[in-house]
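# Architecture at a glance
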Amino acid sequence: MSEYKVEQIEVHVCMGTAGVASGGEAVMAALNSEFEKRGLTNTDVKERNCKAKQTGCRGLCARDVLIDVYVPGKGPVTYEHVTAEMVPSIVEEHIVGGEVVTKWAAKKDYFEFYDKQKRYVLNDCGKVDPDSLEDYIAHGGYDALKKTLKMTSEEVIDEVKKSGLRGRGGGGFPTGLKWTFCRNSPGDLKYLICNADEGDPGAFMDRSIIEGNPHAVIEGMLIAAYAIGCKEGYIYCRAEYPLAIKRVKKALVDAEKAGYLGDNVLGSGFEFHLKLKEGAGAFVCGEETALIASIEGERGMPRSRPPFPAVKGLWQKPSNVNNVETFANLPVIILNGADWYANIGTEKSKGTKIFALSGKVKSTGLIEVPMGITVRELIFEVGGGIPKKRKFKAVQLGGPSGGCLTEAHLDTKIDYDSLIAAGAMMGSGGVVVLDETNCMVNVAQFFLTFTQRESCGKCIPCRVGTKTMLDILDRITAGKGKEGDIERLEALANDIKISSLCGLGQTAPNPILTTIRYFRDEYEAHIYKQKCPARECPELIEFVVVDERCKKCGICKKVCPVDAITWEKGQYAYIDKAKCVKCRECIVNCPFNSID
Amino acid sequence: MAEVKAVVEEVQERTPEELDWTKCDAICAQYAGAKGATIPVLQKVQDAYGYLYKELVERVGENLNISSHTLYGVITFYAQFYTKPRGKYVIRVCRGTACHVKGSGRISEVVFEEFGIRNGETDPDKIFTLEEVSCIGACGMAPVIMVNDKTHGNLTPEESRKIFKDYASGKMDE
Ligand SMILES: Cc1cc2nc3c(=O)[nH]c(=O)nc-3n(C[C@H](O)[C@H](O)[C@H](O)COP(=O)(O)O)c2cc1C
Ligand code: SF4
Ligand code: SF4
Ligand code: FES
Ligand code: FES
């Protein structure tokens, strides 16, 4: 991470979604009132001039509210799980007294989370105030745009081609090449669209970028618009992201006022107008032709290609769609140069990728790592491994379109091509770690429930096929699986893949195919033995305490919401099946896996 | 696509406010002649009136010169449009991946146990509406719920039950 220097004492408060949810606003207010009370707002005296500043998400949301105390001439000190009540002591001891409050300061494991990361795209997230154009500019913001405007548009395209940047929206298509298609299409009016519909049900990279640094996305779009020759643009943002929408709206107004957007960008003669469009809740609208239909005010159904959007897109005009993260990479590339960028990553996947790391890892959160890092490093070094001393079972990459990898694949490199070779995919960047208590049939059922619900219904294989597959999975997890179900699933999956129009249908079967491929025995146990080996499917669990494994700790009794468990000190626990509501709390909480 | 839902609610008496088209007409006028206005107009009108009832949709159609059935085509496609009244508190239970693996399904069960509502339903007193949504972007605090605009994270089912009861008793309004 690059250094951030301060002229005065600054306290940065995380006001990303998790920061706000954990009480960031109260911490901010407490800081301001404490500064006021102690006369620490004197702008004439450096040592007595303190500022509390909001910043975006820095990725380790589980530790929110996170704050950094910056004292001029010293490195920042980070505090975790800060509440308003802790603020007076931090101000008293650290800011006034100069002594770090060590008991609340971030420890080794906080820094380990960042050790293997390379934060270029996210560098300013968590450092700049997302609502302040001035702060963005003070940290080098819009310098890349100024540099761009001094280049010819061909030079910009060449630079992006040379950098090796590939689209971060899932497909991994080379960005520079994509731009040339739209650029070479005849027509005066061309549209540039930013895809911020982020619908993968376990991913929030794009949201964090927009919330934490909206101007970086606008700057990236300006660079792209200049290179392609687009006069108008849209940011299509998911309606479920109210904070992102609020911040991007403000950023657009500020950027326009300051002359970064409009008829004559920074007096260069280049014209670019940018608007925000709010989505209305449909996953398929992330597919670019559906997204275009949605901007036009229609039902967001994918259209067949050709014609490609680059030829006939929004309102029949040539259009170019890129993902938020793709745009956010552009200022970094232009400022540091294509050669610098192409040095990061692997031969065919350059730069860094942002992932949302979740599930059964110690440090969940948002991370940016160089392409080519291994799955093992991601989970065990950045993520800190599996909590509760449980065993790693699988990792699901690429969300509902992706697949899972097992222990045997831990040394797979994370780049577009290696992941596909191993049976998963980069997708948008969702990484879900699963431990021995997660059932793989359940995971497949979960993703399919999602895609089935989100299918737009245009293609029969996708609409009906996903429902048929889901019915089969529902009966398998309910203990009513039939002989031949696995084969039926495989056959259906292959048919749906080849006969659906858009990526949703084409990839919906992936989670099923990979779980069958690597965990066929688990499917078989459900169907033929009426057992869920991971003990996740309630219909297939007996809910009995196995005395041989029970260590008589009594934890299960404490967590049972309906008092179905009897236990006395020194006794085995016992479950009264008549009372049990099959909630699984005891199973999840038993430290010795003693309940079958 | 949102789950198939009965589009039009049972016949309801409308209050004079519900039939006061001032706001609706003003919103439509703001978008007069604009391309791709359907979705933003419906969003704004829904914000102003609470939900998209039949008379309101017809009024929007007249203003924009679009047939009601075209409008319903759009309305039913997107999960964020509502054709039925909603509760005072909208409980959004995240059913995204991170929350799922951390047991968010149980939280929906708690809502059902307490208020008898499932995904998309509103209780008869119109206090709570349950919506299961995918990732709300706070996976680090999984499992996560939102009640109106407030996010609650790191929940156990029992903690969630307590939070719902606090909303029901008005404790959270302070
Ligand atoms: C069902 C479906 C959903 C998609 N969702 C998204 C999304 O949420 N965000 C995104 O950037 N791309 C999404 N895509 C990919 C887009 O169609 C498109 O390829 C991408 O926005 C191009 O940007 P890029 O070249 O910068 O990656 C989706 C594709 C499909 C088939
Ligand atoms: S594949 Fe599915 S989501 Fe895609 S166009 Fe066909 S029906 Fe719609
Ligand atoms: S499954 Fe739930 S209800 Fe049944 S014994 Fe365990 S904790 Fe109690
Ligand atoms: S929201 Fe605070 S670190 Fe992510
Ligand atoms: S999966 Fe629930 S917040 Fe992301």
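Scroll up to find the structure.
Given the structure is predicted, the values throughout are model-derived calculations rather than measurements. Every chain's residues receive numbers from 1 upward, in the order its sequence appears when written. The naming scheme follows written order: chains are lettered A onward, ligands numbered 1 onward. Totals for whole chains, interfaces and linings use all residues, but because this is a predicted model, local features are given only for residues with pLDDT of at least 70 and pairs of side-chain atoms are given and counted only at 80 or more. With hydrogens and water excluded, all non-hydrogen atoms of the structure serve as input to the side-chain values.

## Brief notes about the site of ligand 2
As a reminder, the rule being used: Each residue is tested against the molecule or strand, and it is near if at least one of its non-hydrogen atoms lies within 4 Å. Polar here means any residue other than Ala, Val, Leu, Ile, Met, Phe, Trp, Tyr, Cys and Pro, which are nonpolar, and Asp, Glu, Lys and Arg, which are charged; Gly is therefore polar.
Neighbouring ligand 2 are 13 residues; C456(A), K458(A), C459(A), C462(A) and C502(A) lie closest to it. Taken together, the residues of the shell around ligand 2 sort by class into 8 nonpolar, 4 polar and 1 charged.

## A short note on a nonpolar patch on the surface
In plain terms, the rule: Two distance rules govern patches: like charges are joined within 9 Å, and nonpolar side chains (Val, Leu, Ile, Met, Phe, Trp, Tyr) within 5 Å, applied only to residues with over 30% relative accessible area and no salt bridge. Per-residue and other accessible areas were derived by the Shrake-Rupley procedure at a 1.4 Å probe size, with only the shown protein chains allowed to occlude residues. Salt bridges, as used here, are contacts in which a Lys or Arg side-chain nitrogen is within 4 Å of a carboxyl oxygen on Asp or Glu. In this text, helices come from DSSP runs of H or I with a minimum length of four residues, and strands from runs of E with a minimum of two, each type numbered from the N-terminal end.
Together, F173(A), L177(A) and F181(A) line one region of the surface with nonpolar side chains, adding up to about 270 Å² of accessible area. Along the chain, F181(A) falls in helix α8 (residues 175-184).

## Notes on the sheet that holds strand β12 (residues 403-406) of chain A
Residue and element names in this part refer to chain A. Rules: Pairing between strands requires that DSSP locate at least two bridges from one strand to the other. Note on method: axes are straight lines fitted to C-alpha atoms, helices fitted across the in-contact stretch only, with angles between N-to-C directions ranging 0 to 180 degrees. The criterion used for residue contact is that any of the two residues' heavy atoms lie within 4.5 Å.
Ordered by their spatial adjacency, 5 strands build an open sheet running β10-β9-β13-β11-β12, and the pairing between neighbours is mixed. In the strand order of this sheet, the two ends are held by β10 (365-370) and β12, each with one partner. Taking each pair of neighbouring strands and ignoring which way they run, the sheet shows an average axis angle of 30 degrees. Sheet analysis places strand β9 (residues 352-359) next to β10, joined by 6 bridges and oriented antiparallel. Paired with A356 across the strands is L366, a residue of β10. Contacting β11 (392-397) and β12, helix α21 (residues 510-528) runs over the sheet at an angle of about 35 degrees to β12.

## Re the sheet that holds strand β5 (residues 191-196) of chain A
All names here are of chain A. Read across the open sheet, the 4 strands follow the order β7-β6-β5-β8; overall the sheet is parallel. Only two strands of the sheet have a single partner each, and these edge strands are β7 (273-278) and β8 (319-323). Across the sheet, the mean angle separating the axes of adjacent strands is 20 degrees when strand polarity is ignored. Pairing analysis gives 6 bridges linking strand β6 (residues 232-237) to β7, with the strands arranged parallel. The partner of E232 across the bridge, within β7, is H273. Against the sheet, helix α13 (residues 324-336) touches β5 and β8, its axis set at about 85 degrees to β8.

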